[in-house]
Each structure stands twice: as C-alpha cells, then as structure tokens.
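Close look at the chain arrangement
Residues per chain are reported as follows:
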Amino acid sequence: MVVRFCENRPMALFRRRRSNDTTDSTAAISAFWEAWPSLRAPLAEAAEEDRPAPDEAAERVTALVKALHPDLDWEVGPAPASPRPDLTDLDLSMDVDPDELLERLAALDDPGSLAEPAAHALTLRPGSSDDARIQSERWSRSAPGDDAWRFLPARPADHEGLGRTVRWEGHELDLSHVSVSMHVDRATGRIRVGVYHPDNMFLPEEVRRSLADHVVLLALGEDDVVRYIGEVRPLDESPMDPLPPTAIPSTVRQMVDMIGGGEGGWVTLHGTGPGRGRVTFSARHPLTRRDFPALTLAVRVIVPYAETSADGTPGESSAIALQELENRLNRVLGDDGAMVMHQTVPGRRDVLFYLDPDSGVLSRFEEELKGWAEGDLKLSTQLDPGRSVFAGLLRPYRSFFKR
C-alpha cells in the first residue's frame, strides 16, 4: 500500500516516572501471595469436590482480590489443559545460536520434557475492565511456582465445556445442542452473536441471556469476548444457517485478517513527507488494551543510522545493523516487552516498545542499546497503561487503518 502523507512532528521526550497506583497494586499483589499458603488447601478441596470454597476462605480471597482491583472477581476449578509449545514460539532469526535452536526443537519432540499438568486453576475475572485486566496479569506473572495449580489472569476458552451438560440456575441444559448465528460489523470490528438452545422457549429471559453469554465465553475466552464481541443475544428460533459455537473463533480470525490488512499482525504504510523524503510507518494492528496487558511502560527509542540509499530507505549496511539490533532487543525482552510501532525516515528510525515495568527488563534493554555504532540514540520512557503514546504516534495515519 503506497500513500502520500505528512509526517507528524516528533513528540517531546518524556521522563521516567512511577505512579502511586503501581506502588499500591504491588503491595496488594504481595499481600495476596503472602496469604496464599493458608488458602491453598481449602481452595484445592473445593476444586476437587466441585463445590464452593468454605465461607472463611472465600471471604479472604475476595478481600485480597478486590484489593488488587475492585472490578476483579475470581473462581476455582479444574485446570484447563496447557497448550503444547510449537514452532511459533521459537526465535528463528539468523543470529540465534544454532545449537540452542536444535535443543529447543528436540525438546518439542520429547514427551518426557513436558511437565505434568496442574490439577487446579485459580482464575481472576476482570470482565470488561481493562484496568482490572492489567492487575490480573501482574498478579498472574508474580505467582509462585506450584505444580498443582495454574494461576490464570482471565478465563480461557473451553471448547470441551461446549459439549457438556450443565445445571444453569436450576435448569439442566445440554450445551452440545447449542447453535449460533454471527454478523460481522466491519465498521466497528466486532461481531454480533445470536445463541440458540432448543430449551430457550422454556427459560426465563435472564437465564437465556446469561446462558448465551456463557456459551460465547466458552467459545472465545474472556479476553477475545472483550476484544471482538459487540452483542450477544439469545434466539427464540434456530438460525437459518446454524453454526456450532466452536466456529466463533475462526470467524474472529477471518474478521481480524479482513480489517487488519497486514501480515503477522502488522500494517505498513509507505509514502513521502514534506521535506523529509521517504517515510515508512509500521504498527501492530489491531492493537487493543487486552494485548500485552502487563506491558504498561512505553519506551521510545530514536535510532540514527549512517547509510541511506537513493530511494530514501536505509542502505544495505545500516539495514542489516537495524535488523540485528531489533533481533537482539526482541531476544532480551522475551515475554517482558514488545515492539508495537516503528517509523523510518532518511537517517533515523523511531521505535516504540511497551515493557513490563516490574520485570527488571528495562536495564537489560538499555544495556543492549549501548553498542549502537551509527550515532547517538535517544531513549525516553513513560508509564502508559492506556497506550496514549501509541495512539498519539498512530493518529496522523489513523485514516489508513481500518480499525
């Protein structure tokens, strides 16, 4: 896609700071895990026997969870199966150690290398609150090692649950009989879902609505419901073209591909800016606050480069150096950071990352930048859970993004 656009002026660099909210939530997270040893046994018994937790334990957990964020709820139950690692988890860049890569490939083929699955799960429920989701992610990342438990920051999808019979507010319902209809709204990037069960005609309205919400939650998981679902409604009659609820995720993927228009979750624009020459702008799209919820520290790096080709792009040697720097930074960050945007003009690349401020990765990130030999780098940071820095950099190009 080639367009002409005016390049935005560089933002003022911002200072590193830490908010009181972050300090308070860190204390609340520490308090939760200090109390965990005394709560572990009664919650495990409740999960094993499929019954509510004892009142005293439940009240303590509720108070600790509400201290993390007032919008958070919680639940215990059997642990969902952990996804098996695959090739998409591997760093396949050219500068990765070949021996290390071979060892990881061998581990994927060795069933004995997989840990025994946990029996129980303690799941926090942020619902539609993005701020609560940030805190549940921080809580989950700080969890102690525990072979018997998984600590989930949001309810995941559970397609096995879509084939079970459940007791729902006094009604026994076989979810394998559920069918759905879907309508994709390209303007909003959301899907309207109708949910039909043959017993709907006998159920009160509130029960039908809560059952419909539950079905979509099982199909997608909590985060994707918030990202992509605009409306869920119960249906009185079977849809004309009924689909199983397990088809909802594939419809979501098709919609994301349709509205994204990029490869690998990125959209790239090429153009020219007045007096600036060729400009290339790339950004993750769509990027929501449900993506990378623990990464709340915006880190902007302005990287000068020495060699510019005749068409205004980095010359060969600088292009290689920039790519190698990106590979090294991504390797240092791992799950503790992500690049979300970069803009390249002749002689300079402006890159935006988001990092986990509690991971300690920032110092390693800064250390990796010290070896840059093509000019003086500029780095600036800002706590930014609302992604305002990303939104500001994206604003001049917003019309080129479909969502």
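Note: the structure precedes this text.
The following refers to the structure shown. (Residues numbered from 1 in each chain as written. Predicted model: local features only at pLDDT ≥ 70, side-chain atom pairs only at ≥ 80, totals over all residues. Heavy atoms only, no water.)

Turning to its location among the elements, Val361 is positioned in helix α9 (residues 361-369). Put simply, Val361 and Val332 are 29 residues apart on the chain and 7.6 Å apart in space, counted from C-alpha to C-alpha. Setting aside anything within four residues of it in sequence, one finds Val361 in contact with Val332, Leu333, Asp336, Leu355 and Asp356. (Helix = DSSP H or I, 4+ residues; strand = E, 2+ residues; numbered from the N terminus. Contact = heavy atoms within 4.5 Å.)

A few words on the nonpolar core. Of all hydrophobic cores here, the largest spans 27 residues; its most connected members are Leu175, Val193, Val195, Val216, Ile229, Ile248 and Val252. Mapped onto this core, the elements with two or more residues apiece are β4 (165-168), β7 (190-196), α5 (205-220), β8 (229-235) and α7 (248-260). The greatest single-element share of this core, amounting to eight residues, is contributed by α5. Those residues within four positions of Val216 in sequence are excluded, and the remaining contacts are Val193, Val195, Gly221, Val225, Ile229, Val232 and Ile248. Membership of the second largest hydrophobic core comes to 25 residues, among which are Trp36, Leu64, Leu72 and Trp139. (Core = buried A, V, L, I, M, F, W, Y, C linked by side-chain atoms within 4.5 Å. Buried < 20%, exposed > 50% of the residue type's maximum accessible area, 1.4 Å probe, protein only.)

Let us look at the sheet that holds β7. Taken in spatial order, the three strands of this open sheet run β6-β7-β8, and their pairing is mixed. Here the strands that pair on one side only, and so sit at the sheet edges, are β6 (179-185) and β8. For this sheet, the mean angle separating the axes of adjacent strands, direction not counted, is 15°. Strand direction decides the pairing type here: β6 and β7, joined by seven bridges, are antiparallel. When the bridges of β7 are listed, Ser181 appears paired with Gly194. (Pairing = 2+ DSSP bridges. Axes fitted to C-alpha atoms, helices over the stretch in contact; angles between N-to-C directions.)

Moving on to the sheet that holds strand β2 (residues 120-125). Overall, mixed pairing links the three strands, which are arranged β1-β2-β3 in an open sheet. Edge positions in the sheet fall to β1 (73-78) and β3 (149-152), since each of these pairs with one other strand and no more. Between one strand axis and the next, the sheet turns by 15° as a mean value, whatever way the strands run. In this sheet, β3 lies alongside β2 in parallel orientation, the contact comprising four bridges. For Thr123, the partnering residue across the bridge sits in β3 and is Leu152.

Time to look at helix α2 (residues 55-68). Under the 1.5 Å per step criterion, the end-to-end length of α2 is 20 Å for 14 residues, consistent within 8% with the ideal 20 Å. Inspection of α2 places Ala57, Ala58, Val61, Leu64, Val65 and Leu68 among the buried residues, and these make up the whole buried set. Buried residues along α2 cover an arc of 135° about the axis, so they all sit on one side. Those residues of α2 that are exposed and aimed more than 90 degrees away from the buried face are Asp55, Glu56 and Glu59. (Expected span 1.5 Å × (residues − 1). Arc of directions from axis to C-beta.)

The end-to-end C-alpha distance of helix α4 (residues 130-141) is 17 Å, a good match for the 16 Å that twelve residues give at a rise of 1.5 Å each. Those residues of α4 not exposed but buried are Ala132, Arg133, Ile134, Gln135, Ser136, Glu137, Arg138, Trp139 and Ser140.

Here we come to the pattern of salt bridges. Across all of its chains, the model carries 27 salt bridges by this definition. Here Arg51 and Glu45 are joined by a salt bridge, their closest N and O atoms 3.9 Å apart. Classification of Glu45 by relative accessible area gives partly exposed; the value is 39%. Through salt bridges with shared partners, a single network forms among Asp130, Arg133, Glu137, Arg141, Asp223, Arg290, Asp336 and Asp356. (Salt bridge = Lys/Arg side-chain N within 4 Å of Asp/Glu carboxyl O.)

Glancing now at the packing of aromatic side chains. For the structure shown, the criterion picks out eleven aromatic pairs. Between the aromatic rings of Trp36 and Phe151, the centroid separation amounts to 5.2 Å while the plane-to-plane angle is 85°, which identifies the pairing as edge-to-face. Of the two residues, Trp36 sits in helix α1 (residues 20-49) while Phe151 sits in strand β3, which places them 115 residues apart along the sequence. Ring geometry for Trp149 and Phe151: centres 6.4 Å apart, planes at 10°, overall stacked. By way of ring pairs, the aromatic residues Phe32, Trp33, Trp36, Trp139, Trp149 and Phe151 are connected into one cluster. Over the aromatic face of Tyr354 sits the side chain of Arg387, whose NZ or CZ is 5.2 Å from the ring centroid. (Phe/Tyr/Trp six-rings, centres within 6.5 Å; stacked < 30°, edge-to-face > 60°. Lys NZ or Arg CZ within 6 Å of the ring centre and 35° of its normal.)

Looking now at the packing of helix α8 (residues 316-333) against α9. Axis separation between α8 and α9 bottoms out at 9 Å; the angle between their running directions is 160°. Between α8 and α9, the interaxial angle falls into the category roughly antiparallel. Crossing of α8 against α9: the hand is right-handed. Residues Leu325, Arg328, Leu329, Val332 and Leu333 of α8 form the contact with α9, whose own contacting residues are Val361, Arg364, Phe365, Glu368 and Leu369. Here the contact of α8 with α9 is built from residues that sort into seven nonpolar, no polar and three charged. (Parallel < 35°, antiparallel > 145°, perpendicular 65-115°, else oblique. Left-handed = near helix turned anticlockwise from the far one by under 90°. Nonpolar A, V, L, I, M, F, W, Y, C, P; charged D, E, K, R; others polar.)

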